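Results of the structural survey
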Amino acid sequence: IKLFKRNEKYEWIKNYVGHMDSIYQIIFLKDCHLASCSKDKTIRIWDTFGDNPVTIIFDSAVPTAILEIGEGDLISGHESGEIIVWKKQDGEYKKYLQYKLHDKCIRQIIHLQNHLYVTCSDDGFMKAWIITEENLKIVWSNQDDSKNYSICGKGDKLISCSRTGNIILWHINY
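Residues numbered from 1 in each chain as written. Predicted model: local features only at pLDDT ≥ 70, side-chain atom pairs only at ≥ 80, totals over all residues. Heavy atoms only, no water.

1. Describing the sheet that holds strand S3 (residues 23-28)
Rules: Only when DSSP finds a minimum of two bridges between them are two strands counted as paired. Numbered from the N terminus, helices here are DSSP runs of H or I no shorter than four residues, and strands are runs of E no shorter than two. The axes are straight lines fitted to the C-alpha atoms, using for helices just the contacting stretch, and the angles between their N-to-C directions are given from 0 to 180°.
Sheet architecture is open: 4 strands sit in the order S3-S4-S5-S6, paired in antiparallel fashion. For this open sheet the edge positions go to S3 and strand S6 (53-58), each flanked by a neighbour on one side alone. Between one strand axis and the next, the sheet turns through 15° on average, direction left out of account. The sheet contact formed by S3 and strand S4 (residues 34-38) spans 5 bridges and is antiparallel. Bridge pairing links Ile-23 to Ser-38 in S4.

2. Concerning the pairing of strand S8 (residues 73-78)
Our working definition: Between buried and exposed lies partly exposed: a residue is buried under 20% and exposed over 50% of the maximum accessible area for its type, with that area taken using a 1.4 Å probe on protein chains only.
When you tally the buried positions in S8, you get 6 out of 6 residues, the bulk of the element. Burial along S8 is two-sided: the residues Asp-73, Ile-75 and Gly-77 and Leu-74, Ser-76 and His-78 are all buried. In this sheet, S8 lies alongside strand S7 (residues 63-69) in antiparallel orientation, the contact comprising 6 bridges. Bridge pairing in S8 places Pro-63 opposite His-78. Pairing geometry for S8 and strand S9 (residues 82-89), over 4 bridges, is antiparallel. Counted as the bridge partner of Leu-74 is Trp-86 from S9. If you look at the hairpin formed by S8 and S9, you'll find 3 residues sitting between the two strands, and Gly-81 has a positive phi there, around 90°.

3. Observations regarding the environment of His-33
Which entries qualify depends on this criterion: What makes two residues a contact is simply this: any of their non-hydrogen atoms within 4.5 Å. As used in this structure description, the phrase polar contact means that two N or O atoms lie within 3.5 Å; if the pair is within protein, one of them must be able to donate a hydrogen and the other to accept it, and residues adjacent in sequence are counted only when both atoms belong to side chains.
Mapping His-33 onto the fold places it in the loop between S3 and S4. Since its relative accessible area comes to 18%, His-33 is described here as buried. Spatially, the C-alpha atoms of His-33 and Thr-164 are 36 Å apart, while their sequence positions differ by 131 residues. Residues within four places of His-33 in sequence aside, it is in contact with Ile-27, Phe-28, Ile-45, Trp-46, Asp-47, Thr-48 and Val-54. A polar contact is formed between the side chain of His-33 and the side chain of Asp-31, at a distance of 2.9 Å.

4. Quick word on the sheet that holds strand S14 (residues 136-143)
Pairing is antiparallel in the open sheet, where 4 strands are placed in the order S11-S12-S13-S14. Each edge of the open sheet is held by one strand with a lone partner, namely strand S11 (106-113) and S14. Within the sheet, the average angular offset between the axes of one strand and its neighbour, ignoring direction, is 25°. In this structure, S11 lies alongside strand S12 (residues 116-121), joined through 6 bridges in antiparallel fashion. By the bridge assignment, Ile-110 is partnered in S12 with Val-118.

Next up, the structure:
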């Protein structure tokens, strides 16, 4: 992972080394740390000012997508189609909830509104869901044989694009 600084030209600042296989996604966290997930079955939290990962979350599944929620908690999507919610407690991440949401690899997770999240997967489904105290509840699902490739949203609007070249605007009301 390389961090660049923008001035008159892009300048290389730092190289983060630690993952042993392909990196699927990297995000900035609210506290200015970075979080990355990799085919090496780890999620790593990086200090943008240091050289080493602050935290390494080991899992038995391959994480393919990550999203920060709340006060530093994480949601990870996996090759297996599972979602895992990681609660941050005393600087450590503990597995809080694990749920089989899709039949194939989860490609993206977004926060849409309030406690509503949306995932897209290689199984051709987009699913909108909420986290309850003990479980995960699906509130909307749509299957598109063209397989949704990317999603973004704001409020009650969701946009999906597929590998077939279609862009669809959705209104999600739950």
